[in-house]
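# An overview of the molecular structure
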Amino acid sequence: MTSGLRSTADAQRARIIDRAVDVFADAGYHATPVTAVATAAGVSPAYVFRLFPGKLALFIAAVEQCYARVIGTMTESGEAAGDATPDEILEAMTLAYVDLIRDRNLIRLQVHAQSACDVPEIRGAVQRGLRDLVNAVTLISGADPSSVQRFMAYGQLCHLIVQAELSPIDDTWAHTLSDGIRHAEPA
């Protein structure tokens with residue numbers, strides 16, 4: 001019976017983390033109460049605290065889930081590119097990422113996590129996520145460090161363009177930032 005309870009708890013934990021990504025994306029770490037995540041997941045706050053030692057652990061689990069989704073997408077798209085050149089693999093990863101961030105909660109959570117890097121545990125989660133992402137992109141693409149750096153920088157610029165909705169702005173400054181950068185249009 002213990003294994004059945006464990007699998008149920010594991011499934012609930014995964015479901016709570018999925019909901020936490022969305023809920024924390026709205027207001028970030030500091031302004032989001034655990035009760036909001038519990039409500040979104042359809043469980044009691046006490047149950048959330050049984051699975052997570054506190055709000056910080058829950059937020060970190062959401063950030064880790066976010067990076068895991070990005071890394072999974074980069075890995076899958078890079079491997080699907082086969083024997084392509086590093087630039088072609090990075091291009092395939094770019095297209096996959098553009099599709100992935102149609103779920104704007106993923107980039108909103110990343111921005112909130114970056115803004116909460118004053119909390120050492122959150123900073124550590126962001127650093128680990130970036131480390132694992134850079135390592136995966138480098139390994140799978142075979143690209144040199146400067147190409148991976150440019151890929152990551154364009155990804156951050158893409159976040160800015162999407163979050164600030166710069167694409168519809170027909171002004172020189174907006175075109176300077178957004179022209180030639182692929183990004184997901186708001187759904």
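Since the model is a prediction, treat every value here as computed from it, not as a measurement.

## Some details on the nonpolar core
Looking at soluble globular proteins, one finds that nonpolar side chains tend to be buried together. Counting residues in hydrophobic clusters, the biggest one holds 59 residues, and the most contacted among them are Ile-16, Met-74 and Ile-122. Those elements giving two or more residues to this core turn out to be helix H1 (2-31), helix H2 (34-41), helix H3 (45-51), helix H4 (55-80), helix H5 (86-100), helix H6 (104-115), helix H7 (120-141) and helix H8 (145-163). Take this core: its biggest share by element is 11 residues, from H4. With residues up to four places along the chain from it excluded, the contact list for Met-74 reads Met-93, Ala-96, Tyr-97, Leu-133, Val-137 and Phe-151.

## Topic: the packing of H4 against H7
Two numbers describe how H4 lies on H7: the axes approach to 10 Å, and their chain directions differ by 5 degrees. Between H4 and H7, the angle falls in the class roughly parallel. Contacts between H4 and H7 involve Leu-56, Phe-59, Ile-60, Val-63, Glu-64, Tyr-67, Val-70, Ile-71, Met-74, Thr-75, Gly-78 and Glu-79 from the former and Glu-121, Ile-122, Ala-125, Val-126, Arg-128, Gly-129, Leu-130, Asp-132, Leu-133, Ala-136, Val-137 and Ile-140 from the latter. Its residues assigned to classes, the contact of H4 with H7 comprises 16 nonpolar, 3 polar and 5 charged.

## A word on the environment of Ser-167
Residue placement: Ser-167 occurs in the loop between H8 and helix H9 (172-178). Residue Ser-167 is classed as partly exposed on the basis of its relative accessible area of 28%. For the pair Ser-167 and Met-152, spaced 15 residues apart in sequence, the C-alpha to C-alpha distance is 20 Å.

## Some thoughts on unusual backbone geometry
If you check the backbone angles, Glu-165 has positive phi at about 50 degrees while not being a glycine. Topologically, Glu-165 is positioned in the loop between H8 and H9. Owing to a relative accessible area of 42%, Glu-165 belongs among the partly exposed residues under this scheme.

## Some points on the packing of H5 against H8
Remark: H5 packs on H8, axes separated minimally by 11 Å, with the N-to-C direction vectors making an angle of 20 degrees. Between H5 and H8, the angle falls in the class roughly parallel. Considering how the two elements wind past one another, H5 and H8 form a crossing that is right-handed. Residue-level contacts link Leu-90, Met-93, Thr-94 and Tyr-97 of H5 to Ser-147, Phe-151 and His-159 of H8. Here the contact of H5 with H8 is built from residues that sort into 4 nonpolar, 3 polar and no charged.

## Details of the pattern of salt bridges
Scanning all chains against the criterion turns up 7 salt bridges. Put simply, Asp-22 and Arg-19 hold a salt bridge, and the shortest N to O gap is 2.6 Å. Note that Asp-22 and Arg-19 are positioned in helix H1 at a spacing of 3 residues, about one turn of the helix.

## Considering the packing of aromatic side chains
Going through the model one piece at a time under the given rule, you end up with 2 aromatic pairs. Seen from their ring centres, Phe-24 and Phe-59 are 4.9 Å apart, and the 90 degrees between their planes marks the pair as edge-to-face. Separated by 35 residues along the polypeptide, Phe-24 in helix H1 and Phe-59 in helix H4 bring together distant segments of the chain. Joined through ring pairs, the aromatic side chains of Phe-24, Tyr-29 and Phe-59 make up one cluster. Here Lys-55 stacks its cationic end above the ring of Tyr-29, 4.8 Å away from the centre of that ring.

## Side note on the environment of Leu-109
Positionally, Leu-109 belongs in helix H6. With relative accessibility at 0%, the residue Leu-109 sits in the buried group. Between the C-alpha atom of Leu-109 and that of Ala-57, which follows or precedes it by 52 residues, the distance is 15 Å. The residues contacting Leu-109, other than those within four sequence positions of it, are Val-21, Phe-24, Ala-25, Phe-59, Ala-62, Val-63 and Cys-66.

Conventions and cut-offs
Residues numbered from 1 in each chain as written. Predicted model: local features only at pLDDT ≥ 70, side-chain atom pairs only at ≥ 80, totals over all residues. Heavy atoms only, no water. Core = buried A, V, L, I, M, F, W, Y, C linked by side-chain atoms within 4.5 Å. Buried < 20%, exposed > 50% of the residue type's maximum accessible area, 1.4 Å probe, protein only. Helix = DSSP H or I, 4+ residues; strand = E, 2+ residues; numbered from the N terminus. Contact = heavy atoms within 4.5 Å. Axes fitted to C-alpha atoms, helices over the stretch in contact; angles between N-to-C directions. Parallel < 35°, antiparallel > 145°, perpendicular 65-115°, else oblique. Nonpolar A, V, L, I, M, F, W, Y, C, P; charged D, E, K, R; others polar. Left-handed = near helix turned anticlockwise from the far one by under 90°. Salt bridge = Lys/Arg side-chain N within 4 Å of Asp/Glu carboxyl O. Phe/Tyr/Trp six-rings, centres within 6.5 Å; stacked < 30°, edge-to-face > 60°. Lys NZ or Arg CZ within 6 Å of the ring centre and 35° of its normal.

The values reported here are purely geometric and, on their own, carry no functional implication.
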